[in-house]
Amino acid sequence: MADVNRGNRPLSPHLTIYRPQLNSMTSIMVRISGNALLLGAILIVWWLLAAATGPAYFATVDGLITSLLGDLVMTASVLALWYHALGGLRHLIWDAGYGLEVEAADRMGWGMIIGSVALTFLTIIAI
Amino acid sequence: MAFLTDRKRVDGLGSAKTGTEHHWSMTITSVALLILTPMFLFAIGPLLGEPHADVVAGLSRPFPALVTALMLIVGFHHFRLGVQTLIEDYIRGMTRKIAIIAMTIISYGLAATGLVALAQIAL
């Protein structure tokens, strides 16, 4: 019957059932990094708004964004941005039908982790 | 005896038939963001922490203004679709609806705030 088990169906990710693997962990981190970027995005928009408002208000927001906490959020945001970008690239490669073998997928997983850290250092050094 | 047919009971409970559109929109915006992200970091990164006059002068130049505007539009559209999937995976019922509405308002609200600020600086 159509109404068997109605309303008692499991929601999508069964995190407690599967053994943690590089694939699942890097995928979960893509989701977390993408959504956590909201914090950095709010700060940048606030900074833009302050720059448009005037020097006095800008000083307040600039003080926040250049504080230790601001530096921490901005650095974490750059890391999240690069990680999420590389994760998105892996998603596009998978969507195209490539890199679906376990070894290839694992290689891309490590590539995302190492690549995002390297690109974050490069970004901080270069800027 | 049941007066509802099985068909009637399940009608409207399946896919909303808009998943393909959502996925394709994410594909397009993700490719766009792969191009935009490095440009945005190099356009905006050097301005962070600079004095007010320098930031205003920097954002008034065409390239940083263009990259920032595109990042706000494409980035927040991509974020809205992504956060919607997050909400749909973990939250049910009325809370789900409220969360999706709230995040949609926040996404477009932030994008518009950034664009208006940018327009006032750059124009």
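Residues numbered from 1 in each chain as written. Chains lettered and ligands numbered in written order. Predicted model: local features only at pLDDT ≥ 70, side-chain atom pairs only at ≥ 80, totals over all residues.

## Looking at the overall build of chain A
Helix and strand counts for chain A stand at 4 helices and 0 strands. Helices and strands in chain A line up, N terminus first, as α-α-α-α. For chain A, with 127 residues in total, the buried portion stands at 27%. Relative to all contacts within chain A whose residues are 6 or more apart in sequence, the contacts with residues 24 or more apart total 69%. (Helix = DSSP H or I, 4+ residues; strand = E, 2+ residues; numbered from the N terminus. Buried ≥ 20, exposed ≤ 12 C-beta atoms within 10 Å, placed from the backbone. Contact = placed C-beta atoms within 7 Å.)

## Some details on the overall build of chain B
From N to C terminus, chain B includes 5 helices and 0 strands. Mapped from its N terminus to its C terminus, chain B presents α and β elements in the order α-α-α-α-α. For 123 residues, the compact-globule formula gives about 14 Å, and the C-alpha radius of gyration of chain B, at 20 Å, lies well above that figure. For the C-alpha atoms alone, the extent of chain B along its principal axes is close to 75 × 25 × 25 Å. Intrachain contacts of chain B at a sequence separation of at least 6 include 70% that bridge at least 24 residues. (Rg over C-alpha atoms; globule rule 2.2 N^0.38 Å.)

## Some words on the environment of Y83(A)
Residues and elements named next belong to chain A. Take Y83: it is sitting in helix α3 (residues 68-95). Exposure remark for Y83: the 24 C-beta atoms within 10 Å place this residue in the buried category. Separated by 53 residues in the primary sequence, Y83 and V30 have C-alpha atoms spaced 7.0 Å apart. If we ignore the near neighbours within four places in the chain, the residues touching Y83 are M29, S33, M112 and S116.

## A few points about the nonpolar core
One recurring pattern in soluble globular proteins: nonpolar side chains tend to sit buried together. In terms of nonpolar packing, the biggest core is built from 41 residues, with L48(A), A51(A), F40(B) and A117(B) touching the most fellow members. For this core, the secondary-structure elements that each account for two or more residues are α1 (22-53), α2 (55-65), α3 and α4 (102-126) of chain A together with α2 (19-44), α3 (52-60), α4 (62-90) and α5 (93-122) of chain B. With 10 residues, the top contributor of residues to this core is α1(A). Not counting chain neighbours up to four residues away, the residues in contact with A117(B) comprise L48(A), L49(A), A51(A) and A52(A). (Core = buried A, V, L, I, M, F, W, Y, C linked by C-beta atoms within 7 Å.)

## Looking at the interface of chain A and chain B
On the chain B side, the residues contacting the 30 residues of chain A number 30 residues. Every element with two or more residues in the side of chain A that touches chain B is listed here: α1, α2 and α3 of chain A. Among the elements that line the side of chain A that touches chain B, the one with the most residues is α1(A), at 11 residues. The residue makeup of the side of chain A that touches chain B, split by class, is 20 nonpolar, 6 polar and 4 charged. (Nonpolar A, V, L, I, M, F, W, Y, C, P; charged D, E, K, R; others polar.)

## Here's the deal with the packing of α4(B) against α5(B)
Two elements in contact, α4(B) and α5(B), have axes whose closest approach is 9 Å; the angle formed by their N-to-C orientations is 175 degrees. Relative to α5(B), the element α4(B) lies roughly antiparallel. (Axes fitted to C-alpha atoms, helices over the stretch in contact; angles between N-to-C directions. Parallel < 35°, antiparallel > 145°, perpendicular 65-115°, else oblique.)

## Let's talk about the confidence of the model for chain B
All names here are of chain B. Here chain B averages 93 in pLDDT, and 98% of its residues register 70 or above. Per-element confidence in chain B ranges from a low mean pLDDT of 81 for helix α1 (residues 6-10) to a high of 97 for α5. Quick note on the complex model: pTM equals 0.88, ipTM equals 0.87. (pLDDT = per-residue confidence, 0-100.)

## Considerations on the environment of S60(B)
Residues and elements named next belong to chain B. Relative to the helices and strands, S60 is located in helix α3. Residue class for S60 comes out partly exposed when judged on the 13 C-beta atoms lying within 10 Å of it. The spacing of S60 and D89 is 29 residues in sequence and 41 Å in space, taken between C-alpha atoms. Ignoring anything within four residues of it in the chain, the contact list for S60 reads A65, I121 and A122.

## Description of α4(B)
If you check α4(B), its first and last C-alpha atoms are 42 Å apart, about what 29 residues at 1.5 Å a residue would give, namely 42 Å. Taken as a whole, α4(B) has its buried residues at P64(B), V67(B), T68(B), M71(B), L72(B), G75(B), F76(B), H78(B), F79(B), R80(B), G82(B) and V83(B). The secondary structure elements touched by the buried residues of α4(B) are α1 of chain A together with α2, α3 and α5 of chain B. (Expected span 1.5 Å × (residues − 1).)

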